[in-house]
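Letter by letter, the chains look like this.
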Amino acid sequence: MPPTEADAEPVPAEQEGAATGPDLVPVARRASFDALMEDREFATVDIAMEEMRAFAQQRGFAVVKSSGNGSRVYVVCDRAGTYRNTHGLEEYERSRQRLSRKCGCPYTLRLTYANGRWHLTTANGHHNHEPSACTFVHPSKRQLNQEQLQFARALVNVGARPTTIVNELERTFDGTVTTRRDIYNIRARAVEETLMGRTPTQALVNRLQAEGVAVAVEMDPLRQLTRVFFSCQ
Ligand SMILES: [Zn+2]
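Chemist: So, the environment of Arg 207: which residues are in play, and what are the values?
Modeler: Summarising the element assignment, Arg 207 is placed in helix H7 (residues 200–210). C-beta crowding within 10 Å serves as the criterion here: with 12 such atoms nearby, Arg 207 is assigned to the exposed category. Placed 13 residues apart in sequence, Arg 207 and Thr 194 show a C-alpha to C-alpha distance of 10.0 Å.

Structure (structure tokens):
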């Protein structure tokens, strides 16, 4: 007896390349999302991180440094791992979105140091989730909250480099996306506030005096500082 329509093999819902619903990511986009990062070489880990971040952002995900030692660094999707309360905050204090972000994504890039260069390879080029909206398109995602801003300001005040601050923000507040440009802006605001209309040298003199350092200054006829002498016991 010939098979009737009802007996026909059911079409699998998740057939490769088939559009099964409005949320489905187009195949071309998906391929780009899962793309391997080409084998590359970099002088420093920081330079490599910039490149990896740009690569990820263009494809709708974000990368963070995971682990490593002196000669090997692993960089993973920011949705790798499972949720872990590392800040001593109650569950309700943390954003719902952040709680749900981690999904054990296996995407992993590897930097290996050899012959004075960092060699980048893709250890696992696949994500277990869909790409998110491009973070460049939504600068609101880069907006730091008050806690993060204070954290960044504290690092700015001790003279940490912008790249270090970006990394520390990422590490401490998982999933935080900032750029060095954001940090330069924070630093510029901090400097403006510290100077309060004074020149940097005047601000330095005031600071030294406030800390009990003996300071003598020389001024020109227009009351502009021309020389500063100070001595520390
Ligand atoms: Zn992922």
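Chemist: Pulling in residues and values, what's your account of helix H6 (residues 180–195)?
Modeler: Between the first and last C-alpha of H6 there are 22 Å, a value that for 16 residues agrees with the 22 Å anticipated at 1.5 Å per step. One or two positions beyond H6, positive phi appears at Met 196, with a value near 40°.

Chemist: So, helix H5 (residues 162–172): which residues are in play, and what are the values?
Modeler: Within the sequence span of H5, burial applies to Pro 162, Ile 165, Val 166, Leu 169 and Glu 170. Seen from one end, H5 has its buried residues packed into an arc of 135°, which puts them on one side. Summarising the contacts, the buried residues of H5 are in contact with strand S2 (63–69), helix H4 (146–157) and H6.

Rules and cut-offs
Residues numbered from 1 in each chain as written. Predicted model: local features only at pLDDT ≥ 70, side-chain atom pairs only at ≥ 80, totals over all residues. Helix = DSSP H or I, 4+ residues; strand = E, 2+ residues; numbered from the N terminus. Buried ≥ 20, exposed ≤ 12 C-beta atoms within 10 Å, placed from the backbone. Expected span 1.5 Å × (residues − 1). Arc of directions from axis to C-beta. Contact = placed C-beta atoms within 7 Å.

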